[in-house]
Amino acid sequence: MPTGRLSVVVTRRLPEAVETRMKELFDVKLRDDDTPMTRAELTEAVQQADVLVPTLSDDIGAGLIAQAGERLKLIANYGAGVDHIDVATARQRGILVSNTPGVLTDDTADMTMALILAVTRRIPEGLAMMQSDDWPGWSPTALLGGRVGGRRLGILGMGRIGQAVARRARAFGMQIHYHNRTRLRDEIEDELEATYWESLDQMVARMDVVSVNCPHTPSTFHLLNARRLKLMKPEAVLVNTSRGEVIDENALTRMLRAGEIAGAGLDVYERGRSINPRLRELKNVVLLPHMGSATREGRLEMGEKVIINIKTYQDGHRPPDQVLPSML
Ligand code: DGY
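In this text the structure is predicted, and so the values were computed from the model without any measurement.

Definitions and limits used
As a convention, each chain's residues are numbered from 1 in the sequence order in which they are written. Only residues with pLDDT of at least 70 get local features here, since the model is predicted, and only at 80 or more are side-chain atom pairs given and counted; chain-wide, interface and lining totals rely on the full set of residues. Calculation of side-chain values draws on the structure's entire complement of heavy atoms; hydrogens and water are dropped beforehand. Note on pairing: two strands pair once DSSP finds at least 2 bridges between them. Only DSSP runs of H or I with at least four residues qualify as helices, and only runs of E with at least two residues qualify as strands; both kinds are numbered from the N terminus onward. Axis definition: a line fit to C-alpha positions, over the contact stretch in the case of helices; interaxial angles, taken between N-to-C directions, run 0 to 180 degrees. By the convention used here, residues are in contact when the closest approach between their heavy atoms is within 4.5 Å. Here a residue counts as near a molecule or strand whenever at least one of its heavy atoms sits within 4 Å of it. Two N or O atoms count as a polar contact when they lie within 3.5 Å, although within protein this holds only if one can serve as hydrogen donor and the other as acceptor, and sequence-adjacent residues are included solely when both atoms are side-chain atoms. The accessible surface values rely on the Shrake-Rupley method and a 1.4 Å probe; as for residues, cover is taken only from the protein chains in view. Three categories are distinguished: nonpolar for Ala, Val, Leu, Ile, Met, Phe, Trp, Tyr, Cys and Pro, charged for Asp, Glu, Lys and Arg, and polar for the others, with Gly belonging to the last. Domain boundaries shown here were taken from an automatic or database domain assignment. The term buried area denotes the loss of accessible surface (1.4 Å probe radius) that occurs when two parts are joined, taken as the sum for both partners. One side-chain nitrogen of Lys or Arg within 4 Å of one carboxyl oxygen of Asp or Glu is enough to make a salt bridge. Two joining distances apply to patches: 9 Å for like charges and 5 Å for nonpolar side chains (Val, Leu, Ile, Met, Phe, Trp, Tyr), and every residue must have over 30% relative accessible area and no salt bridge. Residues belong to one nonpolar core when they are buried, are Ala, Val, Leu, Ile, Met, Phe, Trp, Tyr or Cys, and are joined through side-chain atoms within 4.5 Å. The cut-offs for exposure are 20% and 50% of the maximum accessible area for each residue type, with area from a 1.4 Å probe on protein chains only; residues under the lower value are buried, those over the upper are exposed, and the others partly exposed.

Overview of the sheet that holds strand β7 (residues 175-179)
Then, in step 1: Taken in spatial order, the seven strands line up as β8-β7-β6-β9-β10-β11-β12 in an open sheet, and their pairing is parallel. Bordering the open sheet on either side are β8 (194-196) and β12 (285-287), each of which pairs with just one other strand. Adjacent strand axes in the sheet meet at a mean angle of 20°, parallel and antiparallel pairs treated alike.
Then, in step 2: Bridge count for strand β10 (residues 237-240) against strand β11 (residues 263-266) is four bridges, and the pairing is parallel. When the bridges of β11 are listed, valine 237 appears paired with glycine 263.
Then, in step 3: Of the strands in this sheet, β6 (152-156) and β7 are in contact with helix α7 (residues 160-171), which crosses β6 at around 170°.

Comments concerning the site of the ligand
Then, in step 1: The environment of the ligand is formed by Leu56, Gly79, Ala80, Gly81, Leu104, Arg243, His290 and Ser293.
Then, in step 2: Note that an oxygen atom of the ligand is positioned 2.8 Å from one of the backbone N or O atoms of glycine 81.
Then, in step 3: Contact between the ligand and serine 293: an oxygen atom at 2.7 Å from a side-chain N or O atom of the residue.
Then, in step 4: Starting from 230 Å² of accessible surface for the ligand in isolation, the protein chains cover 87%.
Then, in step 5: Residue composition of the shell around the ligand, grouped by class: three nonpolar, four polar and one charged.

Comments concerning the domain arrangement of the chain
Then, in step 1: In terms of domains, the chain is made up of domain 1 (7-102 + 295-327) and domain 2 (105-287).
Then, in step 2: For domain 1 versus domain 2, the distance between C-alpha centres works out to 31 Å.
Then, in step 3: Of the residues lining the interface, eight residues belong to domain 1; the matching set on domain 2 comes to seven residues.
Then, in step 4: Summed over both partners, the interface of domain 1 with domain 2 buries about 560 Å², with 36% contributed by carbon and sulfur atoms.
Then, in step 5: Three residues stand out in domain 1 for area buried against domain 2, namely Asp83, Gly102 and Thr295, and they jointly supply 64% of the buried area on that side.
Then, in step 6: Here domain 1 is connected to domain 2 by one salt bridge.
Then, in step 7: Note that aspartate 83 is salt-bridged to arginine 243, the shortest N-O span being 3.2 Å.
Then, in step 8: Among the residues making up the side of domain 1 that touches domain 2, the classes are represented as three nonpolar, four polar and one charged.

Quick notes on the sheet that holds strand β3 (residues 51-53)
Then, in step 1: Read from one edge of the open sheet, five strands run β2-β1-β3-β4-β5, paired in parallel fashion. Of all the strands in the sheet, the pair left with one neighbour each is β2 (27-29) and β5 (96-98). Here the average twist between neighbouring strands, direction ignored, is 20°.
Then, in step 2: Judged from the three bridges that link them, strand β1 (residues 7-10) and β3 form a sheet pairing that is parallel. Residue pairing across strands places valine 8 opposite valine 51, the latter belonging to β3.

Side note on a nonpolar patch on the surface
Then, in step 1: A cluster of nonpolar side chains, Met130, Trp135 and Trp138, forms an exposed patch at the surface whose accessible area comes to about 460 Å².
Then, in step 2: Topologically, tryptophan 138 is positioned in the loop between α6 (123-131) and β6.

Comments concerning the nonpolar core
Then, in step 1: In this structure, Val212, Leu224, Leu229, Met232, Leu238, Leu252 and Leu256 are the most contacted members of the largest nonpolar core, which totals 29 residues.
Then, in step 2: Those elements that provide at least two residues to this core are α9 (200-206), β9 (209-212), α11 (249-257) and β11.
Then, in step 3: Among the elements that take part in this core, α11 stands out by supplying four residues, more than any other.
Then, in step 4: In this structure leucine 252 touches Leu229, Leu238, Ile247, Ile261, Ala264 and Leu266, once residues within four positions along its chain are discounted.
Then, in step 5: Among the nonpolar cores identified, the runner-up in size contains 28 residues, and Leu153, Met158, Ile188 and Ala194 belong to it.

Brief notes about the pattern of salt bridges
Then, in step 1: Per the stated rule, a full pass over the model turns up 21 salt bridges.
Then, in step 2: In this structure, glutamate 193 engages arginine 170 in a salt bridge whose closest nitrogen and oxygen atoms are separated by 2.6 Å. Residue glutamate 193 is located in the loop between α8 (186-192) and β8, and its partner arginine 170 is located in helix α7; the two are separated by 23 residues in the primary sequence.
Then, in step 3: Assessed through its relative accessible area of 35%, arginine 170 is described here as partly exposed.

Below, the structure written as structure tokens:
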């Protein structure tokens, strides 16, 4: 454990209040502009810092970790997902990894509902009509969507966020179904009135809406591949506020274009900002720029979590949000 103030490098601009608190507590190096660090800057950071605070826009893979200096002891991620960090390699090098779970749950679940509603009720089409001053006036047959109440929602990944989606969706009158690595305890299933499907194939084939809420890990990569997507009902809708890699984006795009799936609401993409250009052309698709957790409150709470993780480590304890390879 280093004595004195910890040297902390933060890779992206964070909310001002978080940066100010970090300056009070640590010998912190903050970013001047809000762009991701280059590979050279990241390498310098891991060679010099005691603690690195990256975000999902940084690739903290085995190659970078191999270049880390002796001092680097904690990677305190600003974010819940850690699929951009090679947690196993970090552990082998004796570097702890922590994240910020819990504080983005409600915001992400809200955005999931927003996407379900936006796609099923055709909100972007209505907005476009108003913005282009093209509204011919009310009509009994214009812009008809589908009612969400009574529809079957299949949640893929029933962790914190999946359960928060289930609570909201129930309030909208949806029927809750889920697939998860492990089945929920009876009392949670009862509270959510949720039906467990051991077989993902069988679940996706019967749902009106499928929501992706599982993390991206080697075992969830392309979990919704072309074969599984083809099992979906043609009138079904798919939403994803988790990670793009869980869905085969090209297969989804082809099916949306062919009308084999009714619509999609996506906040995340398989190749980051390089979105399949054909997706942008589709009317039955709502695309958002990975903003599921983007609330002022959430971003401050994420910063508080990062600070608690660093301070707990500084005090000689394990960070409360330590991520272990076995958890992935
Ligand atoms: C996370 O923290 O992993 C979220 O995806 C950020 O929105």
